[in-house]
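Listed here are the chains, written in short residue letters.
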Amino acid sequence: MAHAQLPIAPTPASSPTAPRRRFGETMRRDAWWVQSAVSLLVLGTFVVYATWAAFQGEHYESGPYLSPFYSPLLFGDSAHAWFGPKPGWWPSALPFSAALLILWAPGGFRLTCYYYRGAYYKAFWADPPACAVGEPRDGYRGEQRFPLILQNVHRYFLYIALPFLLVLAYDVVKATRFADGAGGTTFGIGVGTLVLAANTILLGGYTLGCHALRHVVGGYLDQLSRRPARKVAYDCVSACNRGHMRWAWASLVMVMFADLYVRLCAMGVWRDVRLF
């Protein structure tokens, strides 16, 4: 028995669309602006402080402690320096700071980070201010044109950032060697040692949970089960990746505090406490 066929309504040539929201216009009733405001405050504070600290060129070491903003210390009047004092080729018209030689690497890694893009696009550019909230622009260019297409270099900054973790870990080891007053060193742990260790752990969790690293270690494979070693690496990175947002914010605040701690100890404002 033949079934009756229901009539199909004709598809209209065009359908009306909802009018574009004005900037900040939304039907949301929650405090949608709080997250962007906090991101603006924290990121803005970090950028201002890190820029100031990088141009200081002093108070970046105290005893065995070295600020992570200056590590690795390539040049400087310090036992931490790899290649001796300020190089002769440095332009005399420019203020010298060893931080300017290395901060572009971890800074570029954070700037191009997939998570941070979403955070500062919303906080600084209102692109968009939040989900379902009107934007201050008509078109969407995405990251296919200059300058935002440069964000695609994130993976290469990852390769540069990974060795920094080894250097920071070595700095923690050096932060356990205190002068003994007889020209040698003795093992010990101070509050500064724990600060630098916590900073390295948080930076490690953030870096090793990178989306790009997750792809590199095995995310591009169709069948991870056929690559046991890759599967283990992928699972480890995925474990960090699940908390990537928390690692990102915690490591950002901690690296700033680590520099501040070493700086204030070097200036005599704070006194480091030896635990043993």
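Treat the numbers as computed from the prediction; the structure is a model and nothing was measured. Counting from 1, residues in each chain are numbered in the order their sequence is written. For a predicted model such as this one, the threshold for reporting local features is a pLDDT of at least 70, and the threshold for listing and counting side-chain atom pairs is 80 or more; totals across whole chains, interfaces and linings nevertheless cover every residue. Side-chain metrics rest on all non-hydrogen atoms present in the structure, leaving aside hydrogens and water.

1. Overview of the pattern of salt bridges
Salt bridge, as applied in this entry: a Lys or Arg side-chain nitrogen positioned within 4 Å of an Asp or Glu carboxyl oxygen. Applying the stated criterion across every chain, the model contains three salt bridges. Between Asp-235 and Lys-231 there is a salt bridge; the shortest N-O distance is 2.8 Å. On the criterion of helical spacing, the pair formed by Asp-235 and Lys-231 is a turn pair, its members being four residues apart in helix α7 (residues 228-241). The exposure class of Asp-235 is partly exposed, given its relative accessible area of 35%. A residue is classified by how much of its surface remains accessible, and Lys-231, at 34% relative accessible area, is partly exposed. In this text, helices come from DSSP runs of H or I with a minimum length of four residues, and strands from runs of E with a minimum of two, each type numbered from the N-terminal end. Here the term buried applies to any residue with accessible area under 20% of the maximum for its type, exposed to any over 50%, and partly exposed to those in between, with areas from a 1.4 Å probe on protein chains only.

2. So, empty space enclosed by the protein
Grid points spaced at 1 Å over the protein atoms alone were grouped into cavities, where a 1.4 Å probe fits but cannot get out, and pockets, open sets with protein on both sides within 12 Å along at least five of seven lines, with lining residues defined by an atom within 4 Å of a point. Grid points are joined across faces, edges and corners, and a volume is the space filled by probe spheres set on the points. Taken as a whole and judged by the stated rule, the model has two cavities of 30 Å³ or more. Empty space within the largest cavity amounts to approximately 50 Å³. The wall of the largest cavity is formed by Leu-66, Ser-71, Pro-72, Leu-73, His-80, Trp-82, Val-167, Tyr-170, Asp-171 and Lys-174. Top contributing element to the lining of the largest cavity by residue count: helix α4 (residues 154-174), with four residues. In terms of residue class, the lining of the largest cavity is built from six nonpolar, two polar and two charged. Taken as a whole, the second largest cavity spans an internal volume of roughly 40 Å³. Three residue categories are used. Nonpolar comprises Ala, Val, Leu, Ile, Met, Phe, Trp, Tyr, Cys and Pro, charged comprises Asp, Glu, Lys and Arg, and polar comprises the others, including Gly.

3. Observations regarding the environment of Asn-152
If you trace the backbone, Asn-152 turns up in the loop between α3 (114-125) and α4. The spacing of Asn-152 and Cys-113 is 39 residues in sequence and 9.6 Å in space, taken between C-alpha atoms. Engagement of the side chain of Asn-152 in a polar contact is seen with the backbone oxygen of Ile-149, the distance being 3.1 Å. In protein, a polar contact means a hydrogen-donor-capable atom and an acceptor-capable atom, both N or O and within 3.5 Å, with residues adjacent in sequence counting only if both atoms are side-chain atoms; elsewhere, any N or O pair within 3.5 Å suffices.

4. Overview of the layout of surface pockets
The calculated volume of the largest pocket comes to roughly 680 Å³. Looking at the largest pocket, it is lined by 28 residues, and the ones nearest its centre are Phe-46, Pro-106, Gly-107, Arg-110 and Leu-252. Of all the secondary structure elements, the ones that give two or more residues to the lining of the largest pocket are α1 (33-56), α2 (104-111), α3, α4, α5 (191-207) and α8 (244-266). The greatest single-element share of the lining of the largest pocket, amounting to six residues, is contributed by α2.

5. Section: the environment of Gly-192
Along the polypeptide, Gly-192 turns up in helix α5. A relative accessible area of 2% means that Gly-192 is categorised as buried. The spacing of Gly-192 and Val-172 is 20 residues in sequence and 9.2 Å in space, taken between C-alpha atoms. Residue contacts follow a heavy-atom distance rule, with two residues in contact if any of their heavy atoms lie within 4.5 Å. The residues contacting Gly-192, other than those within four sequence positions of it, are Tyr-65, Tyr-261 and Asp-272.

6. Some remarks on the environment of Gly-243
Relative to the assigned elements, Gly-243 resides in the loop between α7 and α8. The class for Gly-243 is buried, based on a relative accessible area of 6%. Taking the C-alpha atoms as reference points, Gly-243 and Tyr-206, separated by 37 residues in sequence, lie 8.5 Å from one another.

7. Here we look at unusual backbone geometry
Cis rather than trans, the peptide bond between Asp-127 and Pro-128 has omega equal to -10 degrees. Following the sequence through the fold, Pro-128 ends up in the loop between α3 and α4. Here the bond from Phe-146 into Pro-147 is cis, since omega is 10 degrees, no more than 30 degrees from zero. With respect to the element layout, Pro-147 can be found in the loop between α3 and α4. Positive phi, normally seen in glycine, also occurs at Ala-132, with a value near 65 degrees. Take Ala-132: it is sitting in the loop between α3 and α4.

8. A look at the nonpolar core
Within the largest apolar cluster, 41 residues are counted, with the highest numbers of intra-cluster contacts made by Phe-69, Tyr-70 and Tyr-116. Secondary structure elements with two or more residues in this core: α1, α3, α4, α5, α6 (211-219), α7 and α8. If you tally residues by element for this core, the top one is α1, at six residues. Once residues within four sequence positions are removed from consideration, Phe-69 is found in contact with Phe-46, Tyr-49, Ala-50, Ala-53, Ala-99, Ile-102, Leu-103, Val-255, Met-256 and Asp-259. In plain words, nonpolar cores are sets of buried Ala, Val, Leu, Ile, Met, Phe, Trp, Tyr and Cys residues tied together by side-chain atoms within 4.5 Å.

9. A short note on the packing of aromatic side chains
A pair of aromatic rings is counted whenever rings of Phe, Tyr or Trp (Trp by its six-membered ring) have centres within 6.5 Å, and the orientation is called stacked for planes under 30 degrees apart, edge-to-face for over 60 and tilted otherwise. Here the structure, examined in full by the defined rule, presents 23 aromatic pairs. Ring geometry for Phe-109 against Tyr-206: centres 5.5 Å apart, planes inclined by 65 degrees, an arrangement best described as edge-to-face. One end of the pair, Phe-109, is in helix α2; the other, Tyr-206, is in helix α5, and 97 residues separate them in sequence. By the ring-pair criterion, three or more aromatic residues cluster together here, those being Phe-75, Trp-82, Phe-83, Trp-89, Trp-90 and Phe-96.

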